[in-house]
Amino acid sequence: MWNWVHQLAEWAREETPFAVVTVTECKGSTPASPGAKLLVRADGTFHGTIGGGHLEQLVLQDARACLARGEARTFRHPLGAKLGQCCGGVVDVFVEPVNHGPQLYLFGAGHVGQALCRILEGTPFRVHLVDERAEWVQSPLVPASVVRHEEPWDDFASRAVWDDARTYVAVMTHRHDVDQDIIAFAIQKPARYIGLIGSDTKWARFRQRLEAKGVPAGQVGRVQCPMGLPIGGKSPQEVAVSIAAGLLQLHHGLAPGLTQEAGAQPPPAPLLSSGE
């Protein structure tokens, strides 16, 4: 029997979405046995087998469809002439996506960044906190579930998985020049959300500099600055609550995505001018 636990752990570490297929029930004559597993990626790469043949090909399609929708589901396949198999049995499989939730790349472990990590604890978001300052990123105030990256932002960003449905970016470092560099990099990558902490004035300067460098208006217009919902508070905790609410609203389909036309107006009321 192949070591599916080892393979699952290896794929889970890579942060790439995949589906776990488990045969849950077999009736009559079937090529599979209960407990047989497949691990399937969206590109069709897979490990394991549930007996091969047309049944396995259909189940691979089932797995990829579940990954595309981001939902778990049970499928029943009768093994008759329609599948080109004469076993006559019935196979039930359960397909469960893994690593399919939203990933927040949070650049900056200052007061707001740490508060945002705490507020997002227990939500669908998996938070990657990026900051090369050890005393900030390794703070005991950051929940253990947060993935900490004590390194320069570009080292992390160059190897990160960027996905237009799962990737959310929040930029709030302690330096405006670094913020600008991260934004210039991120707007060229697939992402569902790209947010920058700061005032309208800060964003106007960033926008002007990016446009002066020839960055297309469509890319510049993807950035949300200020971030979050206009709740009125300005303390780090309140700003973090505002940002978290906006992220969750978008994730749960209650707000439009950020692929907006150039010149689209950002949310009202600046929240904070610094990630610290």
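Our subject is the structure that appears above.
Residues numbered from 1 in each chain as written. Predicted model: local features only at pLDDT ≥ 70, side-chain atom pairs only at ≥ 80, totals over all residues. Heavy atoms only, no water.

Quick word on the overall build of the protein
Moving on, step 1. Along its length, the protein carries 9 helices and 11 strands.
Moving on, step 2. Relative to its full complement of 276 residues, the protein shows a buried share of 46%.
Moving on, step 3. The contacts in the protein between residues at least 6 apart in sequence include a share of 62% that link residues at least 24 apart.
Moving on, step 4. For the protein, the exposed area adds up to about 12900 Å²; of that, 53% sits on carbon and sulfur atoms. (Helix = DSSP H or I, 4+ residues; strand = E, 2+ residues; numbered from the N terminus. Buried < 20%, exposed > 50% of the residue type's maximum accessible area, 1.4 Å probe, protein only. Contact = heavy atoms within 4.5 Å. Areas by Shrake-Rupley, 256 points an atom, 1.4 Å probe, with all protein chains shown as cover.)

Considerations on the pattern of salt bridges
A side chain with one charge may pair with a side chain of the opposite charge, provided their charged atoms come close.
Moving on, step 1. Considering all chains together, one arrives at 7 salt bridges under this definition.
Moving on, step 2. When the shortest N-O distance is used, the salt bridge between Arg133 and Asp131 registers 2.8 Å.
Moving on, step 3. Residue classification places Arg133 among the buried residues on the basis of a relative accessible area of 13%.
Moving on, step 4. Between Glu211 and Arg207 there is a salt bridge, with the nearest N and O atoms lying 3.7 Å from each other. Of this pair, Glu211 and Arg207 both sit in helix 7 (residues 200-212), 4 residues apart, which is roughly one turn of the helix.
Moving on, step 5. Using a relative accessible area of 39% as the deciding quantity, one classes Glu211 as partly exposed. (Salt bridge = Lys/Arg side-chain N within 4 Å of Asp/Glu carboxyl O.)

Here's the deal with the sheet that holds strand 2 (residues 37-41)
Moving on, step 1. Spatially, the 5 strands line up as an open sheet ordered 3-2-1-5-4, and their pairing is antiparallel. Every other strand in the sheet has two partners, leaving strand 3 (46-48) and strand 4 (73-78) as the edge strands with one partner each. Taken over all neighbouring pairs, the strand axes of this sheet differ in orientation by 20° on average, direction set aside.
Moving on, step 2. Here strand 1 (residues 18-27) pairs with strand 5 (residues 90-98) via 9 bridges, running antiparallel. The partner of Lys27 across the bridge, within strand 5, is Val90.
Moving on, step 3. Along the sheet, helix 1 (residues 4-13) contacts strand 1, strand 2 and strand 3; its crossing angle with strand 2, the most-contacted strand, is approximately 20°. (Pairing = 2+ DSSP bridges. Axes fitted to C-alpha atoms, helices over the stretch in contact; angles between N-to-C directions.)

Remarks on the sheet that holds strand 9 (residues 167-171)
In sheet architecture, strand pairing relies on hydrogen bonds along the backbone and comes in two forms, parallel and antiparallel.
Moving on, step 1. Strand order in the open sheet made by the 6 strands is 8-7-6-9-10-11, with parallel pairing throughout. The outermost strands of the open sheet, each flanked by one partner alone, are strand 8 (147-149) and strand 11 (223-224).
Moving on, step 2. Of the strand pairs in this sheet, strand 7 (residues 126-130) and strand 8 are connected by 3 bridges, and their pairing is parallel. Its bridge partner being in strand 8, Val130 is matched across the sheet by His149.
Moving on, step 3. In the packing of helix 3 (residues 111-119) onto the sheet, the strands contacted are strand 6 (103-107) and strand 7, and the crossing angle to strand 6 comes to about 160°.

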